[in-house]
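Breakdown of the fold
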Amino acid sequence: MKRKDILGLYDLEAEEIAEILSVGLNMKKLLRQNIKKLPHLAGKSVTTLFYENSTRTRCSFELAAKYMGAHVVAVEADRSSVQKGETLVDTGKTLDAMKCDVIVIRHPAGGAPKLLSKTVSAHVVNAGDGMNEHPSQALLDMLTMQENFGRIAGLKVAILGDVSHSRVAKSNLYGLSKLGAEVRMYAPRTLLPSGIGRMGAKICSSREEAVDGADVVMGLRIQLERQHAGNFPSLGEYAAYYGVNEGLMRYAKAGALVMHPGPVNRGVELTSALIDGDTSRIEAQVLSGIAVRMAMLFLLTKEEIA
Ligand code: CP
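Predicted model, so just to flag it, every value in this text is computed and none were measured. (Residues numbered from 1 in each chain as written. Predicted model: local features only at pLDDT ≥ 70, side-chain atom pairs only at ≥ 80, totals over all residues. Heavy atoms only, no water.)

1. Describing the packing of aromatic side chains
Operational definition: Ring pairs shown here join Phe, Tyr and Trp side chains whose ring centres sit within 6.5 Å, with only the six-membered ring taken for Trp; geometry is labelled stacked below 30 degrees between planes, edge-to-face above 60, and tilted in between. Where helices and strands are cited, they refer to DSSP runs of H or I of at least four residues and of E of at least two residues respectively, numbered from the N terminus. Relative accessible area decides the class of each residue, using a 1.4 Å probe on protein chains only: under 20% of the type maximum gives buried, over 50% gives exposed, and in between gives partly exposed. Here, a charge over a ring means that NZ of Lys or CZ of Arg falls within 6 Å of the ring centre while also lying within 35 degrees of the ring normal.
Here the structure, examined in full by the defined rule, presents 3 aromatic pairs. The interplanar angle of 75 degrees and the centroid separation of 5.2 Å between the aromatic rings of Tyr10 and Tyr174 together place this pair among those described as edge-to-face. With Tyr10 in the segment before helix H1 (14–32) and Tyr174 in helix H6 (residues 167–178), this pair connects stretches of sequence that are 164 residues apart. A relative accessible area of 58% means that Tyr10 is categorised as exposed. Taking the ring centre of Tyr10 as reference, the NZ or CZ of Lys178 above it sits at 6.0 Å.

See the structure below:
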């Protein structure tokens with residue numbers, strides 16, 4: 001990989017995405033064998049800089065870096081000098097002065113990782129920026145699909161829920177479309193951004209139409225922290241009209257995968273039976289998360305090791 005930063009899948013070429021998935025699949029095989037001591041990032045330092053809460057993304061970036069031998073430091077914005085008024089750019093310059101090789105950033109403002117990338121010499125990896133992109137989440141979703149089906153091209157992927165606020169939906173749309181999958185979306189009109197159809201999504205007029213013949217059905221988290229207005233009447237009505245349940249899954253292909261980026265609101269986006277059922281890949285997605293983040297960190301820094 002020739003680029004300095006990974007800011008989103010909108011920017012990545014199909015070949016770059018395929019390379020990350022290929023290396024990620026190898027990393028996942030090693031993780032399955034419980035191999036957690038690799039030399040790929042020996043002598044490198046990775047800093048996670050999170051201005052928003054996270055369990056999966058932060059832990060898996062930190063474990064990915066540690067499994068490959070990097071020094072890892074976590075900066076929690078709510079316990080750092082950000083609380084004393086330090087700007088993002090000054091925080092970045094400070095980390096740069098400490099010779100951090102990679103900064104993994106999550107920020108509530110779309111575009112914050114791009115701003116940081118312009119002001120630091122460290123590699124910058126976007127771990128989720130506002131409602132813009134969450135590239136490592138989409139890559140781990142794609143890795144999970146690739147592992148199950150042996151391909152991405154030709155898959156029919158139904159994404160249901162809060163598309164407007166979802167950086168996961170947008171990154172998946174860009175990545176899956178570039179590798180030849182069909183991405184269908186269904187959401188309350190109030191949670192469907194205008195223009196998403198022009199970005200390549202097939203907008204469906206019912207849940208059943210979205211799921212019909214699908215290989216993968218992905219529920220999106222209702223982002224209560226980003227809802228500013230009454231976009232739907234209640235969680236109960238959301239579950240009844242936009243949630244994924246066993247009856248809806250009968251429209252999908254037999255054995256279609258159930259996926260969710262997490263954290264999941266049980267009984268709202270997906271029923272508990274589906275979350276815990278045989279076709280659920282929610283836990284497999286989590287292991288894919290470490291593998292794909294190992295691949296991202298390795299491919300970004302490997303030219304310097306060689
Ligand atoms: N899917 C995801 O980004 O989860 P976290 O917020 O726990 O990192």
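On we go.
2. Quick look at the domain arrangement of the protein
Here is the rule: Residue ranges assigned to each domain were obtained from an automatic or database domain assignment. Whether two residues are in contact is decided by their heavy atoms, any of which lying within 4.5 Å being enough. Two parts lose some accessible area (1.4 Å probe) when they are put together, and adding that loss for both gives the buried area. By convention in these notes, a salt bridge is any Lys or Arg side-chain nitrogen within 4 Å of a carboxyl oxygen on Asp or Glu.
Annotation of the protein at the domain level lists domain 1 (14–133 + 286–305) and domain 2 (135–284). When each unit is reduced to the centre of its C-alpha atoms, the spacing between domain 1 and domain 2 is 25 Å. Across the boundary between the two partners, domain 1 contributes 30 residues, which contact 28 residues of domain 2. Among the residues domain 1 hides against domain 2, the three largest losses belong to Leu21, Met131 and Glu133. Together they make up 27% of the total. At the boundary of domain 1 and domain 2, one finds 3 salt bridges.

3. So, unusual backbone geometry
Here the residue pair Gly262 and Pro263 is connected by a cis peptide bond, since its omega of -10 degrees sits within 30 degrees of zero. By the secondary structure assignment, Pro263 is in the loop between strand E9 (257–259) and helix H10 (272–275). At Asn34, a position not held by glycine, the phi torsion is positive, near 65 degrees. Mapped onto the fold, Asn34 is located in the loop between H1 and strand E1 (45–50). Taking the relative accessible area as the measure of exposure, Asn34 reaches 55% and is therefore exposed. Look at Lys99: it is not a glycine, yet its phi comes out positive at around 65 degrees.

4. Considering the packing of helix H3 (residues 88–97) against helix H4 (residues 112–119)
Helix packing for two helices is described by the angle between their axes and how far apart those axes are. We count it as follows: Fitted lines through C-alpha atoms give the axes, limited to the stretch in contact for helices. The angle between two N-to-C directions lies from 0 to 180 degrees. Between 65 and 115 degrees an angle is taken as roughly perpendicular, under 35 as roughly parallel, over 145 as roughly antiparallel, and anywhere else as oblique. Working rule for handedness: look at the near helix, and if it is turned counterclockwise from the far one by less than a right angle, call the crossing left-handed; if clockwise, right-handed. All amino acids are sorted into three groups, where Ala, Val, Leu, Ile, Met, Phe, Trp, Tyr, Cys and Pro are nonpolar, Asp, Glu, Lys and Arg are charged, and the leftover types, Gly among them, are polar.
Running from N to C, H3 and H4 cross one another at 45 degrees; their axes reach a closest spacing of 9 Å. Compared by their axis directions, H3 and H4 come out oblique. As H3 packs across H4, the resulting crossing turns out to be right-handed. For the pair H3 and H4, the contacting residues are Leu88, Val89, Gly92, Lys93 and Asp96 in the first and Ala112, Leu115, Leu116 and Thr119 in the second. Taken together, the residues of the contact of H3 with H4 break down into 5 nonpolar, 2 polar and 2 charged.

5. Focus: helix H5 (residues 135–149)
Formally: In a helix, the anticipated span is given by 1.5 Å times the number of residues less one.
For H5, built from 15 residues, the straight-helix expectation of 21 Å at 1.5 Å per residue is met to within 8% by its first-to-last C-alpha distance of 21 Å. Of all the 15 residues making up H5, 12 are buried; the element is thus mostly covered by neighbouring parts of the structure. Residues of H5 that are buried include every one of Pro135, Ser136, Gln137, Ala138, Leu139, Leu140, Asp141, Met142, Leu143, Thr144, Met145 and Gln146, and no others. Two residues or fewer after H5 comes Gly150, characterised by a positive phi angle close to 75 degrees.

6. Comments concerning the side chain of Gln285
Examined against the element boundaries, Gln285 turns out to sit in helix H11 (residues 282–305). A relative accessible area of 3% places Gln285 in the buried class.

7. What to know about the pattern of salt bridges
Taken as a whole and judged by the stated rule, the model has 10 salt bridges. Close ionic contact of Glu147 with Lys28 constitutes a salt bridge, the shortest N to O distance being 2.7 Å. Here the residue Glu147 occupies a position in helix H5, and Lys28 occupies one in helix H1, the gap between them amounting to 119 residues. A residue is classified by how much of its surface remains accessible, and Glu147, at 29% relative accessible area, is partly exposed. The exposure class of Lys28 is buried, given its relative accessible area of 0%. Among the salt bridges present, the one from Glu76 reaches Arg58, with a minimum N-O distance of 3.5 Å. Of this pair, Glu76 sits in strand E2 (residues 71–76) while Arg58 sits in helix H2 (residues 56–67), placing them 18 residues apart in sequence. What makes Arg58 partly exposed here is its relative accessible area of 21%. The structure contains a network of salt bridges with shared partners spanning Lys28, Arg32 and Glu147.

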